[in-house]
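Structural description and commentary
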Amino acid sequence: MDVVIAIVVAFVALFVAITLIRAVRIVPQQRNFVVERLGRYQRTLRPGLNLLVPFIDSVRTKVDLREQVVSFPPQPVITSDNLVVSIDTVLYFKVVDPVRATYEIANFLQAIEQLTVTTLRNVIGSLDLEKALTSREEINRHLSGVLDETTGRWGVKVTRVEIKAIEPPPSIRDSMEKQMRAERERRATILTAEGQKQAQILSAEGDKQGAVLRADGDRQARILQAEGQAKAIRTVFDAIHAANPSQKVLAYQYLQALPQIANGTANKVWIVPAELTKALEGLGGALGGLAGMVGDEPKVAVDAAAVEREAAEAAQAAAAAAEEVQQSVQEAERQVSGDRPRGLPAPEPVAPSDLLDQTAAQERERA
C-alpha cells in the first residue's frame, strides 16, 4: 500500500513539474514566440517571462528579429551579348512581423533566394558584360527595390542586397587581361612620348637662350672693340693734328715704312724698276733738310689755304707717281714674260736701301 501511495505521489509531482514547465516561457531579447491554442494562432510572446495554458497552448515558431545575412551560391546568368557569367549575391534582411513570416509563406528564406535569382537574371539579361561589370550599384538598387516590395507582405524587410562577385568565363577573362595590358602599355607609351617631347622642348629652349646670350655677348664685345678702336684712332688723329707735323717728318716716316713693306713673309724677292726713282724725286725735296730736322718744330699757326694747296699738290704728285709706278710695273712684267727682244737684258732688282742712297745723293748734288 505504501508503495502504491509513493508511486502516485511521484506521478503527481512529475505531472505538476511538467505542467509548470509547459506553462512558463522565458523569451530572450530580440526574439518572438508564435503561440497556437488547439492549432489556431493565439498570441505572440514578447521578450521576458510569459505564462501559457498547459497542454492547450503550444509554441509554433521562434522568430529571430535581428538582421540576418545570407550568402547565396553562385548563379549562372546570361548577359545581353550571350555570355554566361557566375554571380554571387549577399542578402541582408530582418523579420518585422513574426505572424506573417510564419503563416504567409512556408519558407521565406528559400522564397527570397529564388526571387533574387529571378530578378538578377532579368536585370543582367538586359546588360552586356562591360555594363554589368561597371553597374553594380545600379543592380543592387534594382534588386533591393524588387525584393523589398515583394517580401513586404511576408513580414520580411530586405535591407540590402550586394553583388559579391561577377565571374566571366576563363576565355573572356584572358581577353580582358590582354586588353587591360594593352591599354596600360598604350598609356605608358603615351606618357613616355610626352616626357621625351617635353625634354626636347626644354632642351631646344635652352639651346635657343644660350645661342641668344652668346650672340648678344659677341655683339657687345664687337661693339666695345669697335668703340675702343674708334677711340684709339680718334686719339691718334687728335694728337697728330695737335702736334701739326711738317711734311718732312711725314716723308721720313714713309721712307722708314718701306723696308717693313719689303720684309713681308710672302715677299721672297722685291723688284723695283729703275723708273721708280723718277717717281720718288718729288719726295726727295723733303730729304734736303734732314740734317736740320733737330730744330724743326711744328708751326703753331696753320694756314688753311696753304694746307689745302699742299694737300692738292701732294695728291697730284701721288697720282703721277702711282701712274709712273703702274707703267713701270707693266714694263717689268712684259720684260719678265719675254715680250721684249731677247737681246735686251732685264733690269736688275733694286733694294730699297740703294734707292734711298741714290735719292739722298741726288739731293746733295742739287744742294
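Residues numbered from 1 in each chain as written. Predicted model: local features only at pLDDT ≥ 70, side-chain atom pairs only at ≥ 80, totals over all residues. Heavy atoms only, no water.

A short note on the overall build of the chain
Let me state the cut-off plainly: Here a strand is any run of E in DSSP of at least two residues, a helix any run of H or I of at least four, and the numbering for each starts at the N terminus. Summary of the burial criterion: residues with accessible area below 20% of their type's maximum are buried, those above 50% are exposed, and those between are partly exposed, where the area comes from a 1.4 Å probe applied to protein chains only. Contacts are residue-level and defined by heavy atoms, with any inter-residue pair within 4.5 Å sufficient. Each accessible area is a Shrake-Rupley result for a 1.4 Å probe, and residues are judged covered by the shown protein chains and nothing else.
Of the regular secondary structure elements, the chain holds 11 helices and 8 strands. Of all 367 residues assigned to the chain, the portion counted as buried reaches 24%. Partitioning the intrachain contacts of the chain with sequence separation of at least 6 by distance along the chain shows that 67% fall at a separation of at least 24. Per element, the accessible surface of the chain, about 25,800 Å² overall, is 57% carbon and sulfur.

Quick word on the confidence of the model for the chain
Where we set the bar: The score called pLDDT rates the predictor's confidence residue by residue, from a low of 0 to a high of 100.
Residues of the chain with pLDDT of at least 70 account for 68%, and the chain-wide mean is 76. Low pLDDT (under 50) marks residues 339-347, which in the prediction has 6 contacts with non-local residues, meaning those over four places away or in another chain. Between residues 349-353, whose pLDDT stays under 50, and residues either more than four places distant or in other chains, the model counts 7 contacts.

Looking at the pattern of salt bridges
In plain terms, the rule: A pairing counts as a salt bridge when a side-chain nitrogen of Lys or Arg comes within 4 Å of a carboxyl oxygen of Asp or Glu.
By the definition in use, this model includes 11 salt bridges. Residues E183 and R187 are paired through a salt bridge, measuring 3.3 Å at the closest nitrogen-oxygen approach. Placement of the pair is E183 and R187 together in helix α6 (residues 170-243), with a separation of 4 residues, close to one helical turn. The partly exposed category is assigned to E183, whose relative accessible area is 24%.

Digging into the side chain of T151
The topology assignment puts T151 in helix α5 (residues 136-151). With near-sequence residues (within four places) excluded, T151 lies in contact with I112, V156 and V158.

A few points about the side chain of T44
Which entries qualify depends on this criterion: Distance and chemistry together define a polar contact, namely a pair of N or O atoms within 3.5 Å, with one atom able to donate a hydrogen and the other to accept it when in protein, and with adjacent residues in sequence counting only for side-chain atoms on both sides.
Mapping T44 onto the fold places it in strand β3 (residues 40-45). Residue classification places T44 among the buried residues on the basis of a relative accessible area of 14%. Within polar-contact distance, the side chain of T44 engages the side chain of Y41 at 2.7 Å. Apart from the residues within four sequence positions on either side, T44 is in contact with N32, F33 and V99.

Quick look at the sheet that holds strand β6 (residues 68-78)
The cut-off we apply is this: A pair of strands is labelled paired if DSSP reports no fewer than 2 bridges between them. A fitted line through C-alpha atoms represents every axis, and for helices the fit uses only the stretch in contact; the resulting angles, taken between N-to-C directions, go from 0 to 180 degrees.
As summarised here, the arrangement of the 3 strands in space is β6-β7-β8, forming an open sheet in which the pairing is antiparallel. At either end of the open sheet lies a strand with only one pairing partner, and these are β6 and β8 (156-167). Between one strand axis and the next, the sheet turns by 25° as a mean value, whatever way the strands run. By the bridge criterion, 10 bridges tie strand β7 (residues 84-95) to β8 in an arrangement that is antiparallel. For V90, the partnering residue across the bridge sits in β8 and is E162. The sheet contacts of helix α3 (residues 108-125) involve β6, β7 and β8, and relative to β6 the element is tilted by about 40°.

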